[in-house]
Amino acid sequence: HWTLLSVSLLNCLLSTACSVGLALAIALTIHGRGTHLVMGCNSSALPADARAAIVTNDCPFNTTRIYDTALALWFPSMVLAAAEAVLSGRCCLVALIFRGIGPCARSYGKEQV
């Protein structure tokens, strides 16, 4: 039970931190219109808006779709990380009930689980 409690608590904290970090990355990317995504390019030909960026030889990657692709990958990742945090929190609660700790430990919660 202690292993379940410690692993689920650690996973809940890491998943929460991951979802908060992804939310921050999404917010900064949308606010800056993707300019931070093409910071590795040392070209003055790149416009301020990453969605209108063109492919240049100074950039090591194709900049035409980086804004849309990043957001398309970050949104589902944030949702899945938040769901993982919720499920890990529930596992932590179950481990607490098994150990007899918490408000539900002495009631019917242990028999129900």
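About the criteria used
- Residues numbered from 1 in each chain as written.
- Predicted model: local features only at pLDDT ≥ 70, side-chain atom pairs only at ≥ 80, totals over all residues.
- Heavy atoms only, no water.
- Helix = DSSP H or I, 4+ residues; strand = E, 2+ residues; numbered from the N terminus.
- Buried < 20%, exposed > 50% of the residue type's maximum accessible area, 1.4 Å probe, protein only.
- Contact = heavy atoms within 4.5 Å.
- UniProt positions renumbered as here; feature names shortened; annotations may be inferred.
- Axes fitted to C-alpha atoms, helices over the stretch in contact; angles between N-to-C directions.
- Parallel < 35°, antiparallel > 145°, perpendicular 65-115°, else oblique.
- Left-handed = near helix turned anticlockwise from the far one by under 90°.
- Nonpolar A, V, L, I, M, F, W, Y, C, P; charged D, E, K, R; others polar.
- Expected span 1.5 Å × (residues − 1).
- Disulfide = S-S within 2.5 Å.
- pLDDT = per-residue confidence, 0-100.

Helix and strand counts for the protein chain come out as 3 helices and 0 strands. Split into buried and exposed, the 113 residues of the protein chain put 28% on the buried side. Summarising the internal contacts of the protein chain: among those between residues at least 6 apart in sequence, 55% fall at separations of at least 24.

Moving on, we get to the UniProt feature "signal peptide" (unreviewed entry) in the protein chain. Within this structure's numbering, the places UniProt gives as "signal peptide" (unreviewed entry) are residues 1-19. From the first C-alpha to the last, residues 1-19 spans 27 Å; its make-up is 95% helix and 0% strand.

Turning our eyes to something else, we now look at the packing of helix 1 (residues 2-31) against helix 2 (residues 66-99). In contact at an axis separation of 7 Å, helix 1 and helix 2 are set at 155° when each is read in the N-to-C sense. Of the possible angle classes, the one that applies to helix 1 and helix 2 is roughly antiparallel. Our pair here, helix 1 against helix 2, has a crossing hand that is left-handed. Classifying every residue of the contact of helix 1 with helix 2 gives 23 nonpolar, 9 polar and 2 charged.

Over its 34 residues, helix 2 extends 48 Å from the first C-alpha to the last, a length consistent with the 50 Å expected when each residue adds 1.5 Å. Within helix 2, burial applies to Tyr67, Ala70, Leu71, Ala81, Ala85, Ser88, Cys92, Ala95 and Ile97. One or two positions beyond helix 2, positive phi appears at glycine 100, with a value near 80°.

Right, let's get into the environment of valine 79. By the element assignment, valine 79 lies in helix 2. You can call valine 79 exposed: its relative accessible area is 53%. A C-alpha to C-alpha distance of 9.5 Å links valine 79 and leucine 22, two positions 57 residues apart in sequence.

Let us now look at helix 1. The end-to-end C-alpha distance of helix 1, which contains 30 residues, comes to 43 Å, matching closely the 44 Å that a straight helix rising 1.5 Å per residue would cover. Residues of helix 1 that are buried: Leu5, Ser8, Cys12, Ser15, Ser19, Leu22, Ile26 and Thr29. The inward-facing, buried residues of helix 1 contact helix 2. Two residues or fewer past helix 1, arginine 33 is found with a positive phi of approximately 55°.

Per the counting criterion, the structure on display carries 0 disulfides. No disulfide involves cysteine 12; its sulfur sits 6.9 Å from that of cysteine 92, the nearest cysteine.

Once that is clear, we can look at the confidence of the model for the protein chain. Mean pLDDT over the protein chain works out to 78, with 66% of the residues at or above the 70 mark. Within the protein chain, helix 1 carries the highest mean pLDDT (92), whereas helix 3 (residues 109-112) carries the lowest (54).

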